[in-house]
Amino acid sequence: MRYSRLLSHTTRDYPRSVRSAGHALLQRGGFIRPLSQGLYSFLPLGLRVVSRVTELIRREMLALEGQEVLLPLVNPLELWRSTGRAEIAARDLVGFRDASGRDMVLAPTHEEAMVALVKSVVTSYRQLPVFLFQFQTKYRNETRPRGGLLRTREFVMNDGYSFHRSATDLNNFYPRVFAAYERIFDACRIPFVTAEAAVGMMLGDRSMEFLMPSDAGDDRVIRCEKCGYAANAEVAVGTLSRPVGDPQPLTTVPSHGAATMGELAAVFECGRDALTKTMVYSNGDELVLAVVRGDQEVSSEKLERALGTPGLHFANREELAFYGIDPRAVGPIDLPLDLLELDVTVRVVVDDVVANTPNLIVSSNESGIHFANVNFGRDFESDLVHDIARILPGARCANCASELVEQRVVELGNIFKLGDYYTRRLRLTLSDAKGRRFHPQMGAYGIGIGRLVAAIAESNHDRRGLDWPPGLAPYPFLLMGIGRSPKVAGVLEALHGELGDAFLYDDRRESISTKFRDADLMGIPMRLIVSPRTLEQGKVELLERGSTKVRPVSVAHVRTAVSEMTGGPK
RNA sequence: CGGGAUGUAGCCUAGUGGCUAAGGCGCCUGCUUUGGGAGCAGGAGAUCGGAGGUUCGAAUCCUCUCAUCCCGACCA
């Protein structure tokens, strides 16, 4: 490829709006361009990297005996209704009405469509297990895309789905995907940790995440550096130190207009850990009052798991107004009668830290009045006591009591054991060897390709530019010449003609320095330099990125040298 | 969805009420030049995000609006 013909050009200045180094280099190097918020175009260089990453992943998927398929981006909304995810994933779903008046959605993920496919093809348990994968666009209605390719609205995902005769079979397959993912991220030279994950809208039983530590990330992981425990901050567990003491008599105290934890701590001259907060959640037909200690936050993930009701969200202003709840004055003691009379289920869930801490301060349901010396069991009760709070950084590991640390991370991949959630709801039913009907056990596995490219860039660059891991650079070689002698030009043209696609041929009349700089920026790992100086001895030079040591190679042997380094001409 | 910031040529920036909107990079033409972002000469490119207003006069002040980025909430 001639550089002069390549749709790309490098820029010296950083784009104004870009923060992270990897993103800036992808843009400066001519790999990607923004189209709109959360939407990026890949230029030829960027697409070549995407192709190489895709090929790397495809090899691993095929090694797991995966079969590649391609499902539609557009799904009937009805399909999503039948698994209950039309509501649960409502915020991610964008749709339209098609020409025949049916409601369609852009798929944010493909479990439903994949089960529908399998249902129409797999008719015997003897066809199981089956592992299908694709590289397909997802669209998620992200409220805040960020960090360039790190979090976009539209992105290509490598998503895999496996179907099994039994949970045992799924349990045997799952670690093999885990190992394949480890190999993929290792090949991308990305430092990563694995952690227990939140399931979010995926539902199902269990999942693991592959996470790259990075300040650019918008997930948080809690880790124990001693025993290796790691979990998404939404689901992490640990132990908090709690005050002890004998229960004191319940009293009411005026709060002088204070309502936030900070204001209350000031008024009552206490720490936030002596307070409680009550958060109101809703899923449309049920209200949940979640009570946690004042210095903690409710984990909606833990709350949903504890109650077994996915799709909970913070009650919004309209809902609060409808139920007559003042979010600045709400608590689990003596719920207002008119709330109890409404035709809605109200459940109170108390975090186990609150349940086991004596003499807390709790808001009443009346503005301006708080209760002091509140003790769970004596002064109020709840429908459920459970761990529903996000863990605090100072907490200790439940396994080894070491201090837990929190780290910002980028989620690169996620693997789920989905059980029969989808196969049951979509009625994928087979008969087993004994004639018993069963719903196959399902696993789902996903890697965001664009995000992976962003993560590679983030983890593999230096002062001068991108430094792609072996095999992932858009071109393995940059061919360049020094001077404009016809002899040099002749050799350049011959090499380019012969080894075409392995080379990006910098045919510009720029100074050699400029060509070096651009090669560094784009991250081309090897330069092949044709100069009058060495051409006299019938040689050209190989120069590795980041090195100053040139390696002379005779022109006749260039083809061999290139083949050695690329595993054959590409 | 809450909070903050920024919009001036393809990119980075200067200009904060007064002459024809300035510079660097990039781009085009010509000459020269090629071992880590060369030089000279010439040139093109901007309804100053948009609309409305204040003013003798607006890139600059006011109102509205659109867009992008950042923090948070939410979430793959």
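Rules and cut-offs
- Residues numbered from 1 in each chain as written.
- Chains lettered and ligands numbered in written order.
- Predicted model: local features only at pLDDT ≥ 70, side-chain atom pairs only at ≥ 80, totals over all residues.
- Heavy atoms only, no water.
- Helix = DSSP H or I, 4+ residues; strand = E, 2+ residues; numbered from the N terminus.
- Buried < 20%, exposed > 50% of the residue type's maximum accessible area, 1.4 Å probe, protein only.
- Contact = heavy atoms within 4.5 Å.
- Areas by Shrake-Rupley, 256 points an atom, 1.4 Å probe, with all protein chains shown as cover.
- Domains from an automatic or database assignment.
- Pairing = 2+ DSSP bridges.
- Axes fitted to C-alpha atoms, helices over the stretch in contact; angles between N-to-C directions.
- Patch = residues over 30% accessible without salt bridge, like charges linked within 9 Å, V, L, I, M, F, W, Y side chains within 5 Å.
- Salt bridge = Lys/Arg side-chain N within 4 Å of Asp/Glu carboxyl O.
- Lys, Arg positive; Asp, Glu negative; His and termini not counted.
- Charge placed at Lys NZ, Arg CZ, Asp CG, Glu CD.
- Parallel < 35°, antiparallel > 145°, perpendicular 65-115°, else oblique.
- Left-handed = near helix turned anticlockwise from the far one by under 90°.
- Nonpolar A, V, L, I, M, F, W, Y, C, P; charged D, E, K, R; others polar.

Draft legend 1. Seen up close, the overall build of chain A. Regarding its fold elements, chain A presents 17 helices and 31 strands. For the C-alpha atoms alone, the extent of chain A along its principal axes is close to 100 × 65 × 50 Å. In chain A, buried positions account for 52% of the 570 residues. Within chain A, counting contacts between residues at least 6 apart in sequence, those at least 24 apart form 69% of the total. Element-wise, carbon and sulfur atoms account for 49% of the exposed surface of chain A, whose accessible area totals about 26,400 Å².

Draft legend 2. Local environment of the environment of Leu339. When you line up the elements, Leu339 lands in helix α10 (residues 337-341). Among the residues examined, Leu339 registers a relative accessible area of 4% and is labelled buried. Those residues in contact with Leu339 that lie beyond four places of it in its chain are Leu287, Tyr323, Ile325, Val344 and Val346.

Draft legend 3. Looking closely at the domain arrangement of chain A. Assigned domains within chain A: domain 1 (42-236 + 406-458), domain 2 (251-386) and domain 3 (475-566). Placing a centre on the C-alpha atoms of domain 2 and another on those of domain 3 gives a separation of 69 Å.

Draft legend 4. Quick peek at the sheet that holds strand β18 (residues 360-363). The strand order β13-β19-β18 describes an open sheet built from three strands, whose pairing is antiparallel. Two strands bound the open sheet, and with one partner strand each, they are β13 (251-254) and β18. On average, adjacent strands in this sheet sit at an angle of 35 degrees to one another, irrespective of strand direction. In this fold helix α7 (residues 261-268) packs onto β13, β18 and β19 (369-374), with an angle of close to 105 degrees to the strand it touches most, β13.

Draft legend 5. Representation of unusual backbone geometry. Cis rather than trans, the peptide bond between Leu128 and Pro129 has omega equal to 0 degrees. Relative to the assigned elements, Pro129 resides in the loop between α5 (111-121) and β7 (130-139). The backbone of His256 sits at a positive phi, close to 50 degrees, despite the residue not being glycine. Along the chain, His256 falls in the loop between β13 and α7. Take His256: its relative accessible area is 64%, and that puts it in the exposed class.

Draft legend 6. Highlighting a positive patch on the surface. Together, Arg12, Arg463, Arg464 and Arg517 make up a region of like positive charge exposed at the surface. With respect to the element layout, Arg12 can be found in the segment before α1 (21-28). Note on Arg12: relative accessible area 74%, which makes it exposed.

Draft legend 7. Spotlight on the packing of helix α2 (residues 44-63) against helix α6 (residues 167-187). Two elements in contact, α2 and α6, have axes separated by 10 Å at closest approach and are oriented at 160 degrees. Between α2 and α6, the crossing angle belongs to the class labelled roughly antiparallel. At the point where α2 passes α6, the crossing takes the right-handed sense. Across from Leu56, Ile57, Glu60, Met61 and Ala63 in α2, the residues of α6 making contact are Arg176, Ala180, Tyr181, Arg183, Ile184 and Ala187. Tallied by class, the residues present in the contact of α2 with α6 amount to eight nonpolar, no polar and three charged.

Draft legend 8. Region of interest: the pairing of strand β21 (residues 405-419). Among the 15 residues that make up β21, eleven are buried, leaving the element largely enclosed by the rest of the structure. Alignment of strand β10 (residues 206-213) against β21, held across eight bridges, turns out to be antiparallel. Residue pairing in the sheet places Arg206 in a bridge with Lys417 of β21. Of the strand pairs in this sheet, β21 and strand β24 (residues 441-448) are connected by six bridges, and their pairing is antiparallel. What sits directly across from Lys417, in β24, is Gly443.

Draft legend 9. Quick look at the sheet that holds strand β14 (residues 276-282). Spatial ordering of the open sheet is given by β16-β14-β15-β17-β20, a layout of five strands whose pairing is mixed. Each having just a single partner strand, β16 (313-314) and β20 (384-386) make up the two edges of the open sheet. Here strand β17 (residues 345-351) runs beside β20; their pairing, made up of three bridges, is parallel. Bridge pairing links Val350 to Val385 in β20.

Draft legend 10. Representation of α1 within the structure. Across the eight residues that make up α1, a large majority, seven, are buried. Looking at the packing, one finds that the buried side of α1 touches β1 (32-36), β2 (39-42), α13 (449-459), β25 (461-462), β26 (465-466) and α15 (512-522). Positive backbone phi, approximately 80 degrees, marks Gly30, located one or two places after α1.

Draft legend 11. Region of the structure containing the packing of helix α14 (residues 486-499) against helix α17 (residues 558-566). Interaxial distance between α14 and α17 falls to 11 Å at its minimum, and their mutual angle equals 45 degrees. Comparing their axes, α17 and α14 come out oblique. In the crossing of α14 with α17, the sense of the turn from one axis to the other is right-handed. In contact with Leu495, Glu498 and Leu499 of α14, α17 contributes Val558, Arg559 and Val562. A class-by-class count of the residues in the contact of α14 with α17 yields four nonpolar, no polar and two charged.

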